[in-house]
Amino acid sequence: MSSPTTNRSVKFIGQLMIMAGVLMIVAGGATWFMVTTQLKAENITVAAVTPANPGRFAGKPVAGPITAYAQADAINHHSLDGAGGRTYAQLGNDAKALQSKLAAGGLSKEEIAKDPDFVALAATRDVTMNASFLRASLFTSIVAFSVAALAIGLGVLFMLLGVALKKVSTSTVVTSVVPAAGEAAGEPASAKA
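Computed from a prediction, not measured in an experiment: that's the story for all the values here.

Caption draft 1: Region of the structure containing the overall build of the chain. Secondary structure assignment for the chain yields 5 helices and 2 strands. In the chain, the succession of helices and strands from N to C terminus is β-α-α-α-α-α-β. Expressed as a percentage of the 193 residues in the chain, the buried residues total 21%. A fraction of 72% describes how many contacts in the chain between residues 6 or more apart in sequence connect residues 24 or more apart. As presented, the chain carries roughly 12800 Å² of accessible surface, and 65% of it is formed by carbon and sulfur atoms.

Caption draft 2: Region of interest: helix α1 (residues 8-41). Along its 34 residues, α1 runs 49 Å from first to last C-alpha, staying within 8% of the 50 Å computed at 1.5 Å per residue. The secondary structure elements touched by the buried residues of α1 are α5 (116-169). N43 sits one or two residues past α1 and shows a positive phi near 55°.

Caption draft 3: Summary view of the packing of helix α2 (residues 65-82) against α5. One way to put it is that α2 packs onto α5 with a least axis distance of 9 Å and a crossing angle of 165°. Taken together, α2 and α5 sit at an angle that is classed as roughly antiparallel. Between α2 and α5 lies a crossing whose hand is left-handed. Where α2 approaches α5, its residues P65, A68, Y69, Q71, A72, I75, N76, S79 and G82 are matched on the opposing element by T124, T128, A131, L134, R135, L138, F139, S141, I142 and F145. For the contact of α2 with α5, the class distribution of residues is 11 nonpolar, 7 polar and 1 charged.

Caption draft 4: Inspection of the packing of helix α3 (residues 88-104) against α5 at higher detail. Running from N to C, α3 and α5 point in directions that differ by 160°, and their axes come no closer than 10 Å. Between α3 and α5, the crossing angle belongs to the class labelled roughly antiparallel. Between α3 and α5 lies a crossing of left-handed hand. Between α3 and α5, the contacting residues are Y88, L91, G92, D94, A95, L98, Q99 and L102 on the first element and D117, F118, L121, T124, R125, T128 and M129 on the second. In terms of residue class, the contact of α3 with α5 is built from 8 nonpolar, 4 polar and 3 charged.

Basis of the calculations
Residues numbered from 1 in each chain as written. Predicted model: local features only at pLDDT ≥ 70, side-chain atom pairs only at ≥ 80, totals over all residues. Heavy atoms only, no water. Helix = DSSP H or I, 4+ residues; strand = E, 2+ residues; numbered from the N terminus. Buried < 20%, exposed > 50% of the residue type's maximum accessible area, 1.4 Å probe, protein only. Contact = heavy atoms within 4.5 Å. Areas by Shrake-Rupley, 256 points an atom, 1.4 Å probe, with all protein chains shown as cover. Expected span 1.5 Å × (residues − 1). Axes fitted to C-alpha atoms, helices over the stretch in contact; angles between N-to-C directions. Parallel < 35°, antiparallel > 145°, perpendicular 65-115°, else oblique. Left-handed = near helix turned anticlockwise from the far one by under 90°. Nonpolar A, V, L, I, M, F, W, Y, C, P; charged D, E, K, R; others polar.

Right, here's the structure in full:
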């Protein structure tokens, strides 16, 4: 004899995993859509890295993780180029050193603030700071895209595992009648008397 049996707790866990998977796919998709919409609303176009090497995505709108990364890379290139290869932190150290040098030469704070070299360094540092902030914002959107993709992938995985658990929860149990001791197989006990 065979009869189907259902393990209710395994089936329930399978159903929960399917629902969690659907929820994760929807949440990941909504996040991806929202970040894409916000990036498109900014009307950012990927800048060329250099005239000789504009980059693969130059001129394309920033609307996804790849174009956001390309724009962050272009910003970094132009920022370093404009600052003579120095980063925002390095420019800050240069400004402190110049300020100390000018102060040692007998200049007051007001005179230092008007010094042409100091003014040029401060302006370069401001531009580099803005570039750093822009890059950080673009990298934040890249992280958001990555988390959304992770949520969608995990959602698919949860759904597949949920379906598998539901299939495993229903099994067929085969039962067989074992003859009592002293009985021949196939003969009823009353036939032996």
